[in-house]
Amino acid sequence: MRAAAFAMLMLSPAAAQAVIPIDLGSARPFGVVAGAAVTATGNTIIHGDVGVWPGVTTTGLVPGVSVTGLIHVGDAVAMQAHADAALAYAAAAGASCGHVLTGQDLGGLTLSPGVYCFASSAQLTGTLTLDGMNDPNAAFIFQIGSTLITATGAQVLLTNGATGDGTFFQVGSSATLGTNTAFAGSIAALASVTLTNGSSIHSGRALALNGTVALDSNDIDVSGLAIPVPEPTTWLSMMTGFGIAGMALRRRRSTPPAIACNALIGNP
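Structure report, in brief. Every value quoted in this text rests on a predicted model; they were computed, and no experiment measured them. (Residues numbered from 1 in each chain as written. Predicted model: local features only at pLDDT ≥ 70, side-chain atom pairs only at ≥ 80, totals over all residues. Heavy atoms only, no water.)

Observations concerning the state of the cysteines
What counts, and what does not: Any pair of cysteine sulfurs within 2.5 Å is marked as a disulfide. Going along the chain from the N terminus, every DSSP run of H or I of four or more residues is numbered as a helix, and every run of E of two or more is numbered as a strand. Note on exposure labels: buried denotes an accessible area under 20% of the residue type's maximum, exposed denotes more than 50%, and partly exposed covers the range between, all computed with a 1.4 Å probe on protein chains only.
Scanning all chains against the criterion turns up one disulfide. Disulfide pairing is shown between Cys97 and Cys117; the S-S distance is 2.0 Å. Because the sign of the S-S torsion sets the handedness, a value of about 140° for the bond joining Cys97 and Cys117 places this disulfide among the right-handed ones. One end of the pair, Cys97, is in the loop between helix H2 (76–93) and strand E7 (99–100); the other, Cys117, is in strand E9 (residues 114–118), with 20 residues separating them in the sequence. Overall, Cys97 belongs to the partly exposed group, its relative accessible area being 35%.

Observations regarding the nonpolar core
To keep it simple, the criterion reads: Nonpolar cores were defined as sets of buried Ala, Val, Leu, Ile, Met, Phe, Trp, Tyr and Cys residues, with membership established by side-chain atoms within 4.5 Å. Here, residues are in contact when the closest pair of their heavy atoms is within 4.5 Å.
Leu128, Phe142, Leu148, Phe183, Ile187 and Leu215 are the most contacted members of the largest nonpolar core, which has 43 residues in total. Dropping the residues within four chain positions of it, Leu215 is found in contact with Val32, Val38, Thr39, Ala40, Thr41, Thr44, Ile46, Leu195 and Ile220. Counting 19 residues, the second largest nonpolar core, distinct from the first, contains Ala88, Val115, Ile141 and Phe168.

A few points about the pattern of salt bridges
Put simply, the rule reads: Here a salt bridge means any side-chain nitrogen of Lys or Arg lying within 4 Å of a carboxyl oxygen belonging to Asp or Glu.
Considering all chains together, one arrives at two salt bridges under this definition. The residue Arg28 makes a salt bridge to Asp23 at a minimum N-O spacing of 3.9 Å. A salt bridge links Arg28 to Asp165, with the shortest nitrogen-to-oxygen separation between them at 2.5 Å. Linking Arg28 in the loop between helix H1 (2–11) and strand E1 (30–34) with Asp165 in the loop between strand E14 (155–159) and strand E15 (167–171), this pair joins segments that are 137 residues apart in sequence. Assessed through its relative accessible area of 15%, Arg28 is described here as buried. One network of salt bridges, in which partners are shared, links Asp23, Arg28 and Asp165.

Here's the deal with the pairing of strand E4 (residues 49–52)
On a regular strand, one side chain projects to one face of the sheet and the next to the other, so that they alternate. Using the following cut-off: A pair of strands is labelled paired if DSSP reports no fewer than 2 bridges between them.
Here E4 shows two buried faces, one formed by Asp49 and Gly51 and the other by Val50 and Val52. Strand direction decides the pairing type here: E1 and E4, joined by four bridges, are parallel. If you follow Val33 over to E4, its bridge partner there is Gly51. Two elements, E4 and strand E6 (residues 71–73), share three bridges in a ladder whose sense is parallel. Bridge assignment links Val52 to a residue of E6, and that residue is Val73.

Here is the structure:
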């Protein structure tokens, strides 16, 4: 108990440092970006776009069913998203480390905004709580030298204004989310990202720069992020307009000719 209290004392008040959120650029609306391939099995749903570049392989993805956004494979859009994901990875890796957590389990910790570093692997067992301290620009950056592995049922809990938009895990090799893990924030791994059965990423994304993003009955949702989405608004306006026009047309057709004529010329 005293050890946990000590960890919170060391990692909360003293961690108040100015940290700039990682800019994902054109990769922001993507739930998944992979360098080699994206494979999906089971009831996987990605609420966002999917991109693969320079690879050209996707397996198990169904537009409009398992992917609510667009799928870009080997095209210019995927190439730009991959390039911006790589820039985000480099920016996170180059951030000045504020707290060394090598050898500690992330589970059970409550962290304030800052940059947290692991010389090698990082483990999450239980709950990692990120406290935004009511700062709308709160940023959390995790620099992980090799692997990130979460245990079954692990979770990342965002509190007091912390957001997935401001949370970024830079992983030097591969990341694996254990069964039923409830993750938040973006994972950018140099090699691969694997989501095992039932795990999820809310307000974040899975980015595998050189390898594969492997999915198995998962839910990835970027909707909690500040993503500009003008298209739905435009379509909503158009459909609303069509609906009003259709109602007027049906009303016109159901109106007796004499009354309709009087209405058009302004007669009572």
